[in-house]
Amino acid sequence: MKLQRGWSFAEYLAVLAGLMVLWRGAQAALALLIEYHDEFSWTLMIPF
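The shown structure was predicted, so the numbers you read here are calculated from the model rather than taken from an experiment.

(A) Representation of the overall build of the chain. When its secondary structure is counted, the chain shows 2 helices and 0 strands. By residue count, 0% of the 48 residues in the chain fall in the buried class. Accessible surface for the chain amounts to roughly 5000 Å². Of this, 75% is attributable to carbon and sulfur atoms.

(B) View of a nonpolar patch on the surface. Together, Phe-9, Tyr-12, Leu-13, Leu-16 and Met-20 make up an exposed nonpolar region whose accessible area comes to about 530 Å². Summarising the element assignment, Met-20 is placed in helix α1 (residues 2–35). Here Met-20 falls in the exposed class, since its relative accessible area comes to 53%.

Cut-offs used in this document
- Residues numbered from 1 in each chain as written.
- Predicted model: local features only at pLDDT ≥ 70, side-chain atom pairs only at ≥ 80, totals over all residues.
- Heavy atoms only, no water.
- Helix = DSSP H or I, 4+ residues; strand = E, 2+ residues; numbered from the N terminus.
- Buried < 20%, exposed > 50% of the residue type's maximum accessible area, 1.4 Å probe, protein only.
- Areas by Shrake-Rupley, 256 points an atom, 1.4 Å probe, with all protein chains shown as cover.
- Patch = residues over 30% accessible without salt bridge, like charges linked within 9 Å, V, L, I, M, F, W, Y side chains within 5 Å.
- Salt bridge = Lys/Arg side-chain N within 4 Å of Asp/Glu carboxyl O.

Just geometry here; none of it tells us what the structure is for.
See below:
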């Protein structure tokens, strides 16, 4: 039973670490979007 509990804890930590990586990646992507918004805002005006 103790081995099972150890694997559950390891899986929990792996999922938590993955979510943290995704969150940091999303924050970095939003920061880049904010930084370069003025340079790329003209593309929104191109008719499709």
